Amino acid sequence: MEWEEAHRPLIGRLAGVLLLIGLAATFVDPANTSSKVFTNLSTQQIVDWAAHNATGISVTGLVEGLQNSLVGVAVVTLTWLIRGRGVLVAVAYVSIAAFMAIGWVKAGVVWALADTAVQGGSDAGAVALFRLVHAMTFTDGFSFAIAVSCVSALMLLTRLFPAPIAWLGFATALVHFLSLPTQLLLTGSAGGITGPITVVFALAWLLATALTLLIKPVWEPRLKLAAASVDR
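Just so you know, these numbers come straight off a predicted model, no measurement behind them.

Rules used throughout
Residues numbered from 1 in each chain as written. Predicted model: local features only at pLDDT ≥ 70, side-chain atom pairs only at ≥ 80, totals over all residues. Heavy atoms only, no water. Helix = DSSP H or I, 4+ residues; strand = E, 2+ residues; numbered from the N terminus. Lys, Arg positive; Asp, Glu negative; His and termini not counted. Charge placed at Lys NZ, Arg CZ, Asp CG, Glu CD. 1 Å grid on protein atoms, 1.4 Å probe; cavity = no way out; pocket = protein on both sides within 12 Å on 5 of 7 lines; lining within 4 Å. Points joined across faces, edges and corners; volume = space filled by probe spheres on them. Nonpolar A, V, L, I, M, F, W, Y, C, P; charged D, E, K, R; others polar. Axes fitted to C-alpha atoms, helices over the stretch in contact; angles between N-to-C directions. Parallel < 35°, antiparallel > 145°, perpendicular 65-115°, else oblique. Left-handed = near helix turned anticlockwise from the far one by under 90°. Contact = heavy atoms within 4.5 Å. Salt bridge = Lys/Arg side-chain N within 4 Å of Asp/Glu carboxyl O. Buried < 20%, exposed > 50% of the residue type's maximum accessible area, 1.4 Å probe, protein only. Core = buried A, V, L, I, M, F, W, Y, C linked by side-chain atoms within 4.5 Å. Polar contact = N/O pair within 3.5 Å; in protein donor to acceptor, adjacent residues only side chain to side chain.

(A) Expanded view of the overall build of the protein chain. Helix and strand content of the protein chain: 11 helices and zero strands. Going from the N terminus to the C terminus, the protein chain shows its helices and strands as α-α-α-α-α-α-α-α-α-α-α. Summarising its shape, the C-alpha atoms of the protein chain cover approximately 75 × 40 × 25 Å along the three principal directions. Here the protein chain contributes 12 positively and 11 negatively charged side chains, and the mean placements of these two sets differ by 14 Å.

(B) Representation of the layout of surface pockets. Roughly 1,100 Å³ of internal volume is contained in the largest pocket. Every residue lining the largest pocket is counted, 42 residues in all, and those nearest its centre are Q67, K106, T137, D140 and V199. Counting only elements with at least two residues in the lining of the largest pocket, the list comes to α2 (8-24), α3 (33-36), α5 (54-81), α6 (87-118), α7 (123-136), α8 (141-158), α9 (163-187) and α10 (194-215). Counting residues per element, the lining of the largest pocket draws most heavily on α10, at eight residues. Counted by class, the lining of the largest pocket contains 22 nonpolar, 16 polar and four charged residues.

(C) Representation of the packing of α8 against α10 in the model. The interhelical angle for the contact between α8 and α10, taken along N-to-C directions, is 40°, at an axis separation of 13 Å. For the element pair α8 / α10, the angle class is oblique. When you trace α8 past α10, the crossing you get is left-handed. Residue-level contacts link F144, V148, S152 and M155 of α8 to A202, W205 and L206 of α10.

(D) Focus on the pattern of salt bridges. In this structure the tally under the stated criterion is three salt bridges. Among the ionic pairs, E5 bridges to R8, the shortest N-O distance being 3.9 Å. Note on R8: relative accessible area 8%, which makes it buried. Measuring nitrogen to oxygen at the nearest pair gives 3.0 Å for the salt bridge that ties E5 to R83. On the criterion of sequence distance, the pair formed by E5 in helix α1 (residues 2-6) and R83 in the loop between α5 and α6 is long-range, its members being 78 residues apart. Ionic contacts of the salt-bridge type, sharing partners, join the residues E5, R8 and R83 into one network.

(E) The arrangement of empty space enclosed by the protein in detail. One pass over the full model with this rule turns up one cavity of 30 Å³ or more. Taken as a whole, the largest cavity encloses approximately 30 Å³ of empty space. In terms of lining, the largest cavity is formed by R8, L81, I82, L160, F161, P217, V218 and W219. Residue composition of the lining of the largest cavity, grouped by class: seven nonpolar, no polar and one charged.

(F) Main features of the nonpolar core. Counting 29 residues, the largest nonpolar core has I82, F144 and M155 as the members making the most contacts within it. Of all elements in the fold, only α2, α5, α6, α8, α9 and α10 reach the threshold of two or more residues within this core. Per element, the largest residue contribution to this core is seven residues, and it comes from α8. Setting aside chain neighbours within four positions, we find M155 in contact with L78, I82, L160, F161, I165, A166 and W205. Of all hydrophobic cores here, the second largest spans 19 residues; its members include I46, A50, V110 and L129.

(G) Focus on the side chain of N68. In this structure, N68 sits in helix α5. According to the relative accessible area criterion, N68 is buried, its value standing at 8%. There is a polar contact of 2.9 Å between the side chain of N68 and the backbone oxygen of F99. If we skip the residues at most four places from it in the chain, N68 touches F99, M100, G103 and D140.

Structure below.
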């Protein structure tokens, strides 16, 4: 514990690096899986694409699982860095753990799609897994939103992180909470325009948090800074 306290800036910057690596992983998609699952492909096109891109599809599954894990570890580290306490911490940890688990479940589905196509499984099975990968894209939004809202609340309570990042976190969480119900009400489907909007907000909050951790990972409460100024 003493080592951790003595190296808070280092730990904070490591969390920032993890977030940046997680963000960079977004662009690692050798088989264009993320875009393919949102296109209207025929059964034969799905089977042919999966059979000829099994390795790339499998890599995408691994990257998505790792990405959620990196973000999860960074959020837990950030919570410790801002000295979070109480029920908000517990809720944040449970929610980010669910976010990580969903990432690996989706990875398993992606690997199953690749294996089914390579081994010459039924076309119906490959299509079902393809559709499941598409559906899994929308399943981690609520857990991510709960974690972000709890961390943002802790930022404001402890005053150990810039308030604008906290308010951006609340906006990000709100968009995630409302996007899926709104899309279902509008179209009856989970997919739609609200999906890209949530991605933009999530990337903005993660990037802002990562850069802040890299530039200045440790902050002091305003009241403490004010008291120090008076003493001088």
